[in-house]
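Here is what each chain is made of, one letter per residue.
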Amino acid sequence: MLIELRIQQLADNIRKDMDLLEDYEDELRYETDPRRLARYRREIVRQRESLSRYQQKYDELRGQGTGESPAGMQDTADMLHQMDAKLDGLLSGQKVIQDDLKDFRKTLLARFDASEQTVIKAIVGRLDQNQLATVQSILDGMEANRVPESELQETLNAIQQSLSEIKQNEAGYYSSQMVRDIEGLTDVVDDPRLDVSHKLKVSLPIIPLILSYEGEVGIKSGLNLKAAWEGLAARVRGKGSINDPTEKATPTSRRS
């Protein structure tokens with residue numbers, strides 16, 4: 001019968017979308033990048049719209065039946081319920097992830113004063129969970145005087161070089177968002193009234209974003225910045241400096 005064929009086609013479409021949702025669930029299990037998380041959320045919302053269309057089609061087909069329920073009708077209804085439950089679970093999980101990231105960002109921003117938050121808020125909003133955790137760890141290490149002054153200065157030099165390249169943006173490599181992000185930050189790192197540790201503290205969150213571009217556009221100072229970043233990360237994880245494992249940390253200076 002024609003109605004049974006249409007039910008089978010509907011069931012096939014639902015099954016394909018269910019397979020897609022399973023893929024999303026697997027990917028989301030390990031995803032932390034806020035941009036990818038947002039993309040998955042949009043896809044899941046679209047699947048919710050598809051579910052509404054499937055339900056409407058199912059109701060139309062059920063209304064066309066007479067007497068005994070056509071073959072496949074109950075199985076299709078069961079799949080609609082399963083898809084609905086799967087979407088609810090995925091959307092709830094996304095909300096938890098987003099709430100956790102939001103709290104993590106608030107915690108990080110709270111370590112800066114109001115004027116500094118204005119400069120780095122957009123930057124922090126683009127960091128994923130792993131990047132946020134690394135920035136937090138390095139800040140902890142700096143505040144505990146576990147990073148030598150020379151290492152702080154090397155990192156700051158690399159940041160200044162990278163910011164200068166991005167600001168020039170001669171070849172149009174960098175997004176307008178990235179260029180806007182560094183505008184206020186450049187003023188901070190070039191401010192002679194601030195000491196090295198303070199400048200580095202404020203500019204730390206931009207490093208992961210710059211490095212994400214480095215692999216794509218080949219920032220000239222990218223290798224220096226990457227080495228400095230990895231050295232800081234190793235230092236605060238208790239593995240010592242990559243460049244000089246025997247160097248002892250000296251107290252960091254405060255804002256003058």
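(A) Structural context of the overall build of the protein chain. In terms of regular secondary structure, the protein chain is built from 10 helices and zero strands. Every one of the 256 residues in the protein chain was classed for burial, and the buried ones make up 43%. In the protein chain, the proportion of contacts linking residues at least 24 apart, taken out of those at least 6 apart, comes to 77%. For the protein chain, the exposed area adds up to about 13,900 Å²; of that, 48% sits on carbon and sulfur atoms.

(B) Local environment of the pattern of salt bridges. A complete count under the given rule lists 12 salt bridges for this structure. As a salt-bridge pair, D140 and R111 come within 2.8 Å of each other at their nearest N and O atoms. Highlighted residues: D140 in helix α5 (residues 129–143) and R111 in the loop between α3 (73–109) and α4 (114–124), separated in sequence by 29 residues. Residue classification places D140 among the partly exposed positions, given a relative accessible area of 40%. Residue E143 is joined to R111 by a salt bridge in which the shortest nitrogen-to-oxygen separation is 3.1 Å.

(C) Looking closely at the environment of P148. Position of P148 among the secondary structure elements: in the loop between α5 and α6 (149–168). Placed 87 residues apart in sequence, P148 and R235 show a C-alpha to C-alpha distance of 9.5 Å.

(D) A look at the nonpolar core. Counting 63 residues, the largest nonpolar core has I14, M83, L204 and I206 as the members making the most contacts within it. Counting residues per element, this core draws most heavily on α3, which supplies 11 residues. Non-local contacts of I14, meaning those with residues more than four positions away in its chain, are made with Y54, T76, M79, L80 and M83.

(E) Structural context of the packing of aromatic side chains. Throughout the structure, instances matching the rule amount to one aromatic pair. For the ring pair Y24 and Y40, a centre distance of 5.7 Å and an interplane angle of 65° mean the geometry is edge-to-face. With Y24 in helix α1 (residues 2–28) and Y40 in helix α2 (residues 34–64), the pair connects residues that are 16 residues apart, well separated along the chain. Classification of Y40 by relative accessible area gives buried; the value is 7%. The ring of F112 carries K201 above its face, with NZ or CZ at 5.1 Å from the centroid.

(F) Structural context of the packing of helix α7 (residues 176–189) against helix α8 (residues 196–203). Where α7 contacts α8, the axes come no closer than 9 Å and their chain directions differ by 170°. It follows that α7 is roughly antiparallel to α8 by the angle criterion. Between α7, through L185, V188 and V189, and α8, the contact on the second element is made entirely by K199, V202 and S203. Partitioning the contact of α7 with α8 into residue classes produces four nonpolar, one polar and one charged.

(G) α8, seen in detail. Taken across its eight residues, α8 has eight buried, putting it largely inside the fold. By the burial criterion, the buried members of α8 are V196, S197, H198, K199, L200, K201, V202 and S203.

(H) Fine view of α1. Across its 27 residues, α1 extends 39 Å between first and last C-alpha, which sits within 8% of the 39 Å expected from 1.5 Å per residue. Residues of α1 that are buried include every one of I3, I7, L10, A11, I14, D17, M18, L21, Y24 and L28, and no others.

(I) Here's a closer look at the packing of α4 against α7. Closest axis-to-axis distance for the α4/α7 pair is 8 Å, and the angle between their directions is 155°. Of the possible angle classes, the one that applies to α4 and α7 is roughly antiparallel. Relative to α7, α4 is oriented so that their crossing is left-handed. For the pair formed by α4 and α7, the contact residues are V119, I120, A122 and I123 on the first element and Q177, D181, G184 and L185 on the second. A per-class count over the contact of α4 with α7 returns five nonpolar, two polar and one charged.

(J) How the structure looks around the confidence of the model for the protein chain. A residue-level look at the protein chain finds 82% of positions with pLDDT of 70 or above and a mean pLDDT of 79. Considering each helix and strand of the protein chain separately, the mean pLDDT is smallest for helix α9 (residues 206–217), with a value of 73, and largest for α8, with 91. For the stretch residues 240–256, pLDDT sits under 50, and the model shows 44 contacts to residues farther than four places along the chain or on other chains.

(K) Layout of the environment of S150. Within the element layout of this structure, S150 appears in helix α6. Remark: the alpha-carbon pair of S150 and V196, spanning 46 residues in sequence, is separated by 9.8 Å.

What counts and how
- Residues numbered from 1 in each chain as written.
- Predicted model: local features only at pLDDT ≥ 70, side-chain atom pairs only at ≥ 80, totals over all residues.
- Heavy atoms only, no water.
- Helix = DSSP H or I, 4+ residues; strand = E, 2+ residues; numbered from the N terminus.
- Buried < 20%, exposed > 50% of the residue type's maximum accessible area, 1.4 Å probe, protein only.
- Contact = heavy atoms within 4.5 Å.
- Areas by Shrake-Rupley, 256 points an atom, 1.4 Å probe, with all protein chains shown as cover.
- Salt bridge = Lys/Arg side-chain N within 4 Å of Asp/Glu carboxyl O.
- Core = buried A, V, L, I, M, F, W, Y, C linked by side-chain atoms within 4.5 Å.
- Phe/Tyr/Trp six-rings, centres within 6.5 Å; stacked < 30°, edge-to-face > 60°.
- Lys NZ or Arg CZ within 6 Å of the ring centre and 35° of its normal.
- Axes fitted to C-alpha atoms, helices over the stretch in contact; angles between N-to-C directions.
- Parallel < 35°, antiparallel > 145°, perpendicular 65-115°, else oblique.
- Nonpolar A, V, L, I, M, F, W, Y, C, P; charged D, E, K, R; others polar.
- Expected span 1.5 Å × (residues − 1).
- Left-handed = near helix turned anticlockwise from the far one by under 90°.
- pLDDT = per-residue confidence, 0-100.

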